[in-house]
Amino acid sequence: MKILVIDTDYQEHIENSYRKYPNLSSLSYVEQKKALEQENSGPALPCVRALSLLGHEVELIIVNNERLQKAWIKEHSLNSPQKTPTLSAKLHYLIHKKWGWQEEILEAQVRAYKPDVIYSITRDLDTAFNMRIKKLTKLYVLQIASKLPTMDAFKPYDFVVSSLPNQVEYLHNHGTKSYYLKLAFDQTILENLQPAALTYDITHIGGYDQIHADRNRTLEAVAHAIKLDAWGYGIENLPAESAIRKNYHGEAWGSEMFSILRNSKITITGHVKKVAGDYANNMRMYEATGVGCLLMVDNKKNIGDIFVPGKEVVTYDSPEDLVQKIQYYLTNESERAQIAKAGQHRTLTEHTYEHRMRELCSMLQENLS
């Protein structure tokens, strides 16, 4: 199959990458893309790698990377979008918080690539645009595990995949074909990681926005009781006296993030309840276990379908429970290491992108036929 994967990236990560490589924006589209792919962030790139290994022709587009996208359109002899937006573009920005150039360039890329399948990992494109590009491919598929939009937004897609069982059930019950597809770990990350030095006892890497308020309260309890080394975006949302700020080290993306996890004895994650509900669905579960760190994750009804609690990961039911378990495993190193090793083995044998993309390809072939 000829597959086009489209995604958006955290704007903070995009800007961090261009700060890291100051001359990057002056390079060609292909050269910029190659440098950015070395950062190993997000689910899109490992999807592409796995699909390619399975014999498919695959291309990746990061829709909201303005420097990269405008390099593509410049090289393909198309007129670059005007710097001064028209009135309609201004209205579009006020409604959708993005400029019209994103959709303009993406449509040109779809027409140039002529894919059999468009696999979208972003829901940032509006429905009218999605209906337009649906006509340019045989199959249009959406991957989603965030807060669901209105049902009209799903009309352009032939089917939807989600790593949340509750979303799959909801979509199915409302007339949208949907499949359950778990998240995964990119095992190629291990090729560039140094052996674990276990520099940190307890870490957290993630967001501190208002949507993470429940998790922030849990992390506050941990940081009051034990030293917690923290990285992430949205720290400005925390009060000045927050205990999380005591050992906050800034943002961490891509290879830096994986290095921190590799060197953590224990890392904490927690789900956004408004989205995940009672179900486990978090990239950090796979990233942490994949690099060999002991994961502590909030207890969810389907966690046993992914990992064995107490043997491959440690679950917690409250901030107090979490603090007690951290203290226990910090003083019982052999048990901590045994669970971390078992968690990594489970991830590398069942939860890699090659496993997931094989499942996805079966769904694609079924719907194409």
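Predicted model only: the values in this text are computed from it and were never measured.

Rules used in this analysis
- Residues numbered from 1 in each chain as written.
- Predicted model: local features only at pLDDT ≥ 70, side-chain atom pairs only at ≥ 80, totals over all residues.
- Heavy atoms only, no water.
- Helix = DSSP H or I, 4+ residues; strand = E, 2+ residues; numbered from the N terminus.
- Contact = heavy atoms within 4.5 Å.
- Buried < 20%, exposed > 50% of the residue type's maximum accessible area, 1.4 Å probe, protein only.
- Pairing = 2+ DSSP bridges.
- Right-handed = clockwise from strand over helix to strand, strands pointing away.
- Core = buried A, V, L, I, M, F, W, Y, C linked by side-chain atoms within 4.5 Å.

Student: For the environment of leucine 238, give the residues involved together with the corresponding values.
Tutor: Inspection of the secondary structure puts leucine 238 in the loop between β8 (229–233) and α10 (254–262). Between the alpha carbons of leucine 238 and tyrosine 208 there is a distance of 7.1 Å; along the sequence they are 30 residues apart. Setting aside residues up to four positions removed in sequence, leucine 238 forms contacts with Tyr208, Asn216, Ile244 and Arg245.

Student: So what's going on with the pairing of strand β4 (residues 139–143)? Which residues, and what values?
Tutor: Among the five residues of β4, five are classified as buried, and the element is accordingly described as predominantly covered. Where burial is concerned, the two faces of β4 agree: the one with Leu139, Val141 and Gln143 and the one with Tyr140 and Leu142 are both buried. Bridging between strand β3 (residues 117–120) and β4 involves four bridges; their strand directions are parallel. Among the inter-strand pairings, tyrosine 119 is bridged to a residue of β4, identified as valine 141. Taken together, β3, helix α7 (residues 127–134) and β4 constitute a β-α-β crossover, and its handedness is right-handed. Note that β4 and strand β5 (residues 159–162) share three bridges and pair parallel. Among the inter-strand pairings, leucine 142 is bridged to a residue of β5, identified as valine 160.

Student: I'd like a rundown of the pairing of strand β7 (residues 200–207), residues and numbers included.
Tutor: When you tally the buried positions in β7, you get six out of eight residues, the bulk of the element. Of the pairings in the sheet, the one linking β7 to strand β9 (residues 264–269) comprises three bridges and is parallel in character. Residue pairing across strands places threonine 203 opposite threonine 267, the latter belonging to β9. As paired elements, β7 and β8 share five bridges and run parallel to each other. Within the sheet, the bridge partner assigned to glycine 206 lies in β8 and is glycine 232. Viewed along the sheet, the connection from β7 through helix α9 (residues 213–225) into β8 turns out right-handed.

Student: Let's hear about the nonpolar core: which residues, and what values?
Tutor: Judged by nonpolar contacts, the single largest core of 27 residues is most densely connected at Ile3, Val5, Tyr119, Phe159, Val161, Leu360 and Leu364. Elements that contribute at least two residues to this core include exactly β1 (2–7), α3 (44–53), β2 (57–62), β3, β4, β5 and α15 (353–368). Contacts of valine 5, omitting those with residues within four sequence positions, involve Ala44, Val48, Leu51, Val58, Glu59, Leu60, Ile61, Tyr119 and Ile121. Counting 24 residues, the second largest nonpolar core, distinct from the first, contains Ile226, Ala243, Val314 and Ala340.

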